[in-house]
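Per-entry structural report
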Amino acid sequence: MPVIAVVGNKGGAGKTTLCVNLAAGLSQQGRVAIIDADPQGSSLQWHDVAEMSDSVSVFASTAALPQLVRELAGSFEFLIVDCPPSVQAPQTVDVLQAADLALIPVQPSPVDLWATVHIENAIGNARVVNPELKSMLVINQLEARTTLSRVVREALTEISLPVAKTALRRRAVYRNSALEGKTVFQMGARGAAAAEELEQLIQEVTG
Ligand SMILES: Nc1ncnc2c1ncn2[C@@H]1O[C@H](COP(=O)(O)OP(=O)(O)OP(=O)(O)O)[C@@H](O)[C@H]1O
Ligand SMILES: [Mg+2]
């Protein structure tokens, strides 16, 4: 069972958005569990109103996160963990030690990209006990119809974390679906472009 940790060092980067929509996309391939390891509990809140309960299960993180991961391993094909906005948080440290892949949503701003150096370090530390841990930055909230600016491309060359070829664009449907307690996959035509980019991302990270 692949364990995907969605991590970051900054609030509002899109961790919960990525988690919930990734879970919905992956649920077409198998049973998916989300562990909400963020004490803010936003995945759990979302799930309270979401209509995705039969395909995706959401669990609150317990004190013993590695144990919860082991318990769920037999029952789910994918496990996605929504982490708090700090790589120093004990939850994030625990999750990175148990994960196969860390996905790091980051906005395409040079400042945000430079700040990922802390994440790089946290991943390096986790690899001491979890040498197989893979990681990937996911550009999130890329302005519609634009490409990455030169400064952003330059900033990307300065960091050694791999970057997903698929970026998620800034789309109102990510916000609106959340307000309706849905994922973009449940938004019909309004969510089609977002669903498509998520499917592409899923191919990239699971293929
Ligand atoms: N690609 C996108 N397009 C438009 N809005 C987005 C996109 N990604 C995220 N958002 C919006 O940005 C806000 C922050 O996103 P989200 O809550 O997923 O971030 P987070 O990293 O989980 O934040 P926190 O660290 O506080 O848990 C939300 O209102 C969300 O709807
Ligand atoms: Mg969140």
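It should be noted that the structure appears before, not after, this text.
So, here's what we can say about the structure. (Residues numbered from 1 in each chain as written. Chains lettered and ligands numbered in written order. Predicted model: local features only at pLDDT ≥ 70, side-chain atom pairs only at ≥ 80, totals over all residues. Heavy atoms only, no water.)

The next subject is the pattern of salt bridges. Enumeration over the complete set of coordinates arrives at 7 salt bridges. With a closest N to O distance of 2.8 Å, E197 and R171 form a salt bridge. With E197 in helix α9 (residues 192–206) and R171 in the loop between α7 (150–157) and α8 (172–179), the pair connects residues that are 26 residues apart, well separated along the chain. Residues E180 and R190 are paired through a salt bridge, measuring 3.9 Å at the closest nitrogen-oxygen approach. Here E180 is found in the loop between α8 and α9, whereas its partner R190 is found in the loop between α8 and α9, with 10 residues between them in sequence. (Salt bridge = Lys/Arg side-chain N within 4 Å of Asp/Glu carboxyl O. Helix = DSSP H or I, 4+ residues; strand = E, 2+ residues; numbered from the N terminus.)

Here we have 6 strands laid out as an open sheet, ordered β3-β2-β4-β1-β5-β6, and parallel in their pairing. The open sheet has two edge strands with one neighbour each: β3 (56–60) and β6 (134–139). With strand direction ignored, the average angle separating the axes of adjacent strands in the sheet is 20°. Pairing between strand β1 (residues 3–6) and strand β5 (residues 101–106): 3 bridges, direction parallel. Each residue of the ladder has a partner; that of V6, found in β5, is L103. Sheet strands touched by helix α1 (residues 15–26): β1, β2 (32–36), β3, β4 (78–82), β5 and β6. Its angle to β4, the strand with the most contacts, is close to 170°. In the packing of α9 onto the sheet, the strands contacted are β4, β5 and β6, and the crossing angle to β6 comes to about 160°. (Pairing = 2+ DSSP bridges. Axes fitted to C-alpha atoms, helices over the stretch in contact; angles between N-to-C directions. Contact = heavy atoms within 4.5 Å.)

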